[in-house]
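Structural overview
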Amino acid sequence: MNKVYHTLKTIFLLGWSIFVVFPFLWALTTSFKDANAITSGATYIPWVDFEPSSQGWTSLFTTGSQGINIIGPFIDSAVVTLIASLVSLILGTLAAYGLSRFEYRLGFVKNSDITFFFISQRIMPPIVLAIPFFLMLKELGALDTIFGLVLVYIALLLPIAVWVMTDFFSGIPKELDEMAMTDGCSPIGAFFRVILPNSVPGLVVAGMFCLIFGWNDFFFAFTLTFTETQLLPVSIVSLNSSVTPWWSLSAFALISVAPLACVAVIVERYMSRGTMSGAIR
Amino acid sequence: MLQIDHLTTADAKVTLDDVSFVFEAGKIYTILGRTGAGKTELLRALMGLNPLTVGTVKLDEEDITERPIRARNMSLVYQQFINYPHLSVLDNVAFPLRRQGKDKAEAHALAGQMLTTVGLGEFLQRRPAQLSGGQQQRVALARAMVKQSRILMLDEPLANLDYKLREQLREEFPRLVADNVESVILYTTTEPREAMELGNTMIVMHDGRVIASGAPADLFAHPPTKDTASVISDPPISFISGFVRDNCLYFSEGHLAPSEGLLLPADGPVTIALRPDAIEPDGAFNAQIGLSEFSGSQTIIHLDFDFGRAIMMVDGIEAFTAGNDISVSIRSEHIMLFAPDGGNITLRNNQNG
């Protein structure tokens, strides 16, 4: 019975892996095709099914009618996403710690209401936020700037950080904070010396979510920028013309996914929840 | 000296109700009480972890009621073995010393010595999660003791350990805290045996109040109230309604109770308390066996009399079948009498109760 279960599990996981990996393989082979190879039916193996071409990749680093230089948008995207994620993570972690450890009450508003308020920012459809954001950035003179996008992205990513970290801190026993205080820490010292070092898995998860949502956002990057600032998702769309350059789009898609994939591989080992074992029994 | 006056709390699961006491340095005070009696609440209030609605805490005549937790010069060992999971065993114990401003080398040297004292000298570089439950609690104990704080508080430190480890640490405890001669040591427990074994002074708590205190042997022999007798008796003491009439003691159903050697109060209702060793097999009283259980090398038998339920304890492992009838005797020298208000009114010939 155990063996049958094990075999079925292996088959399922293998099938799922193929399902997940196949689009990437498809994009990779497509990125090395030219127009003829694209239109000549389903082909997968270079040099056997089709003659590989570097046109898809070189066009991403060429300006003018032959392609689009993605280095600028890539750097803009990286700067906006990293700064917004970092600020959101710092503010979100501090807010989450406060919400999980101290009781706030303002009239009928309690901790749970404040937490829900943060989360509610993500419940609203982006279009509802777009016009207010547009008007606010216009007033600030921050339309079509990296600064403006960072501000908007912080507003979008902060709820994610607060949500994830509040849940994580709620799982850390309060006795650990108390122990740190009896051992000579101030409440802030207890947070930085004891709670934060034990929150790496939560920080990694929250940070990953911030990076993913920030890096992949198209809507606000599209509505709040014009010509001066352009982020990667918007650049991809601008590749599209009367003839869809599938080879360039595929290469572009792979490049835009690569940073997140690399980060995920690096931080994966920190994402296990095992580090609190030994804190309390 | 630690002096607490009228400690009262409100915002907690169990509230303290006007608790006052004076603790002297160099003594071990065991605080005995059932779950929910207010033991942990008392320690947390002393530590400043739970706010007081009324009351003051004075350490050597200095009022520390409003002092921040970190500046109270107190240590606390929790029932749950709380350690810092991200630090090695050595760094765990060195942590409070580093907060006191000691440099790393000195803190590690002192922490290493303390860990050797508690028998963990071989595990300095391990993480707490890599230790057994008993070892984890030793780390917590070492971290609390290494500070040499004036007040060392241990909140049921052995409660989560298995029986053998509990016995072992209980035996070792006096040696482990022997160096803390300047400290007041408060040790809470729900186990009367532990409280009597470890404490110089035993404090009995019930419903958030201190209901008795004194030398453990004296309190056990002469509990001042029915509640105190109930808390400090293990196996449980049995309380049976009775009355005194014409200088004779009766159980509630009119059965004459043994009273040789007892100076009985005036006619009226009393509560008759029977310690488990007050009842012995063979005698004039008939009962039905309700339950029989083994406790170490003794057998505890729950008996149903016409006049109430009581517990008998006999040495050795003996088989008593539930449902069978048994005849027992009741020894008057182990009987205590309590007034309807709960006060101990036991008086014996030539001796005050």
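Residues numbered from 1 in each chain as written. Chains lettered and ligands numbered in written order. Predicted model: local features only at pLDDT ≥ 70, side-chain atom pairs only at ≥ 80, totals over all residues.

**Section: the overall build of chain A**
Counting secondary structure elements, chain A contains 13 helices and two strands. Radius of gyration (C-alpha) of chain A: 24 Å, far over the 19 Å computed for a compact globule of 281 residues. Taken over the C-alpha atoms alone, chain A extends approximately 70 × 65 × 30 Å along its principal axes. When burial is assessed residue by residue, chain A has 33% of its 281 residues classed as buried. When contacts within chain A are restricted to residue pairs at least 6 apart in sequence, long-range pairs at least 24 apart make up 74% of them. (Helix = DSSP H or I, 4+ residues; strand = E, 2+ residues; numbered from the N terminus. Rg over C-alpha atoms; globule rule 2.2 N^0.38 Å. Buried ≥ 20, exposed ≤ 12 C-beta atoms within 10 Å, placed from the backbone. Contact = placed C-beta atoms within 7 Å.)

**Here we look at the overall build of chain B**
The secondary structure content of chain B amounts to eight helices and 20 strands. Dimensions along the principal axes, computed over C-alpha positions, put chain B at roughly 75 × 45 × 35 Å. In chain B, the proportion of contacts linking residues at least 24 apart, taken out of those at least 6 apart, comes to 65%.

**Description of the confidence of the model for chain A**
The pLDDT averaged across chain A works out to 89; a share of 95% of its residues lies at or above 70. Within chain A, the lowest mean pLDDT, 82, falls on helix α2 (residues 35-39) of chain A, and the highest, 96, falls on helix α4 (residues 71-101) of chain A. (pLDDT = per-residue confidence, 0-100.)

**Points about the interface of chain A and chain B**
If you look at the interface, chain A gives 20 residues, while chain B gives 25 residues. A total of six residues in the side of chain A that touches chain B trace back to one element, the largest contributor, which is helix α8 (residues 174-182) of chain A. Class assignment for the residues of the side of chain A that touches chain B results in nine nonpolar, seven polar and four charged. (Nonpolar A, V, L, I, M, F, W, Y, C, P; charged D, E, K, R; others polar.)

**Points about unusual backbone geometry**
Of note, the bond from B:Asp234 into B:Pro235 is cis; its omega dihedral lies within 30 degrees of zero at 0°. Despite not being glycine, A:Trp47 shows a phi value in the positive range, around 70°. Within the secondary structure, A:Trp47 sits in the loop between α2 and α3 (55-58). At B:Glu61, a residue that is not glycine, the phi angle is positive and equals roughly 70°. Take B:Glu61: it is sitting in the loop between β4 (52-59) and β5 (62-63).

**Some details on the sheet that holds strand β7 (residues 151-155) of chain B**
All names here are of chain B. As summarised here, the arrangement of the six strands in space is β6-β7-β8-β3-β9-β10, forming an open sheet in which the pairing is mixed. Every interior strand has two partners, whereas the edge strands, β6 (74-77) and β10 (209-214), have only one. Taking the axes of each pair of neighbouring strands and ignoring which way they run, one obtains an average angle of 20° across the sheet. Relative to β10, strand β9 (residues 201-206) runs antiparallel, the two sharing five bridges. Paired with Ile203 across the strands is Ser213, a residue of β10. Its contacts with the sheet place helix α4 (residues 133-146) against β6 and β7, and it is angled at close to 175° to β6. (Pairing = 2+ DSSP bridges. Axes fitted to C-alpha atoms, helices over the stretch in contact; angles between N-to-C directions.)

**Side note on the nonpolar core**
By size, the foremost hydrophobic cluster in this structure holds 146 residues, and its most contacted members are A:Ala161, B:Leu46, B:Val93, B:Ala142, B:Met153 and B:Leu274. It is helix α7 (residues 146-170) of chain A that provides the largest number of residues to this core, a total of 15 residues. Residues in contact with B:Leu274, not counting those within four places in the same chain, are B:Ile237, B:Ser238, B:Ile240, B:Ile279, B:Ala310, B:Ile330 and B:Ile335. (Core = buried A, V, L, I, M, F, W, Y, C linked by C-beta atoms within 7 Å.)

**Some thoughts on the environment of B:Glu156**
Tracing the chain through its elements places B:Glu156 in the loop between β7 and α5 (163-176). Take B:Glu156: there are 21 C-beta atoms within 10 Å of it, and that puts it in the buried class.

**Brief notes about the domain arrangement of chain B**
Often the size quoted for an interface is simply the accessible area lost on bringing the parts together. All names here are of chain B. For chain B, the assigned domains read domain 1 (2-232) and domain 2 (238-352). Put simply, the middle of domain 1 and the middle of domain 2, counted by C-alpha atoms, are 37 Å apart. Contacts between domain 1 and domain 2 engage seven residues on the former and eight residues on the latter. For the side of domain 1 that touches domain 2, a count of residues per class yields three nonpolar, two polar and two charged. (Domains from an automatic or database assignment.)

**Examining the environment of B:Asp60**
Inspection of the secondary structure assignment puts B:Asp60 in the loop between β4 and β5. By C-beta crowding, B:Asp60 is classed as exposed, having 11 other C-beta atoms within 10 Å.

**Let's talk about the pairing of β4(B)**
All names here are of chain B. As paired elements, strand β1 (residues 2-9) and β4 share six bridges and run antiparallel to each other. In the strand pairing of β4, Gln3 is matched with Lys58. Across two bridges, the pairing between β4 and β5 is antiparallel. Residue pairing for β5: Lys58 is matched across the bridge by Asp63. Between β4 and β5, which follow one another and run antiparallel, lie two residues, and Asp60 among them has a positive phi close to 50°.

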